[in-house]
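Chain by chain, the residues:
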Amino acid sequence: MSTEGTPLSALVERADAIYRDYSLATVRDWKARTGGLAVGFMPIYVPCEILHAQGVLPVGLMGARDDLEIIKGDAYYQSYICHIPRSTIELGLSGRLDCLDGVLFPAICDVIRNLSGMWQMLFPDKLVRYLDVPQNFEPEIGGRFYRHELDELARSLTERGARPYDAEALRASIGLYNALRREVRELYALRQREPWKVPTSELYLLLRASVVIPVQDATQMFREYRALIAEDASRVPLDQARVMLTGSFCEQPPIGLIRTLERAGCYIVDDDFVQVHRWIQSDIPTDGDPMQQLVMAFLQDAMASPTRYIDKGEKGADLILRIRRSQAEGVLFCAPSFCDPALLDQPMAVRAVERHGVPWTAFKYSENTGQFQVIREQAGTFADSIKLWSAV
Ligand code: SF4
């Protein structure tokens, strides 16, 4: 039964429209309504709570799709590099991001670091912050360093015209983001249990929209979606292979790629898409010093990632845990072309999944990939072979 014209399809279409809107109309509306500042952030994670507590709208910048013509962006980067910095420059230079009062660049790789420098030169009147993050997770060492970074972030927002930092306001904001994180976790858990009810192509659109709209609206959107799919009896299980998709934590794949994987017979039961609201894995306590709670959450409760140093643990162990938890039958290593963190990590991750006898396949994409036939055949063959093996 088609869901066309239903409240469910209307909600997904709303998310899709936000995902497609390069000019950030919802952000412009919010600014016109509230008079507040809006500050963009690049993947993977920034503590949005601090921005929110100071009256600033955090706006996730996740690159573009294949419908953005890159005219100037290519001139800033060499050929052998991922696509997201080019499209971000293009969006900035074409004026589409003019409504942003600044952009935060979290430390994940050299490309993002360089982009922050370019942004500083291109937009000298805007707030530009490279948010350095610790790779040491001792509270006295990495924690102190990160605390200093967060205090500086709060100070620079105030300098820019945001409300001054206030601990009570931050506690309230942490509470709101906890609620949002819970919704996202619930939806991921539901998809693991019943992937036919939560197509990843829908979940992805919701995630993309959720980084652009205010936190309460995002929480409400996820809640509504869960309520609507619970009522939808038309979603029934199909004979698809359960796969985990990993490697796409920064530059995001085009929605067409996700639809292709689903049509090729894959239920994606875990993924690395838009991790900002999953980076911290459980509720952040709202008592005590809230800034310190953000620090401790980052040190002790953040997701494993190729961008995060592993000291004592074993590379790939978290991937295996996620495979087990999601009962994935296979792994799709699906990384952006030329993404150093993802692709340098991949051989170690492959070794881990092979040690555990989990089938895998790998392919690369770019955010502007428009042709999916080869990936469809590869993913379809992979899904078929999983079904055949599991039947033996
Ligand atoms: S896609 Fe990879 S290489 Fe490119 S900016 Fe993101 S993390 Fe860095």
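Structure: above.
Residues numbered from 1 in each chain as written. Predicted model: local features only at pLDDT ≥ 70, side-chain atom pairs only at ≥ 80, totals over all residues.

This brings us to the overall build of the protein chain. Per the secondary structure count, the protein chain includes 14 helices and 8 strands. Relative to the globule expectation of 21 Å for 392 residues, the C-alpha radius of gyration of the protein chain, 20 Å, shows essentially globular dimensions. Counting only C-alpha atoms and orienting by the principal axes, one finds that the protein chain spans roughly 65 × 50 × 45 Å. The buried share among the 392 residues of the protein chain stands at 46%. Considering only contacts within the protein chain whose residues lie at least 6 apart along the sequence, 77% involve residues at least 24 apart. (Helix = DSSP H or I, 4+ residues; strand = E, 2+ residues; numbered from the N terminus. Rg over C-alpha atoms; globule rule 2.2 N^0.38 Å. Buried ≥ 20, exposed ≤ 12 C-beta atoms within 10 Å, placed from the backbone. Contact = placed C-beta atoms within 7 Å.)

In this section: the packing of helix 4 (residues 84-93) against helix 5 (residues 110-122). As a packed pair, helix 4 and helix 5 sit with axes 11 Å apart at the nearest point and diverge in direction by 15°. Taken together, helix 4 and helix 5 sit at an angle that is classed as roughly parallel. Remark: the crossing between helix 4 and helix 5 carries right-handed chirality. Where helix 4 approaches helix 5, its residues Pro85, Thr88, Ile89, Gly92 and Leu93 are matched on the opposing element by Val111, Leu115, Met118 and Leu122. Here the residues of the contact of helix 4 with helix 5 are counted per class, giving 7 nonpolar, 2 polar and no charged. (Axes fitted to C-alpha atoms, helices over the stretch in contact; angles between N-to-C directions. Parallel < 35°, antiparallel > 145°, perpendicular 65-115°, else oblique. Left-handed = near helix turned anticlockwise from the far one by under 90°. Nonpolar A, V, L, I, M, F, W, Y, C, P; charged D, E, K, R; others polar.)

Note on placement: Met348 falls in helix 13 (residues 340-355). In this structure Met348 comes out as partly exposed when scored by C-beta crowding, with 14 C-beta atoms within 10 Å. Distance from Met348 to Gln293, taken between C-alpha atoms, is 32 Å for residues 55 residues apart in sequence. Setting aside residues no more than four positions away along its own chain, Met348 makes contact with Lys315 and Gly316.

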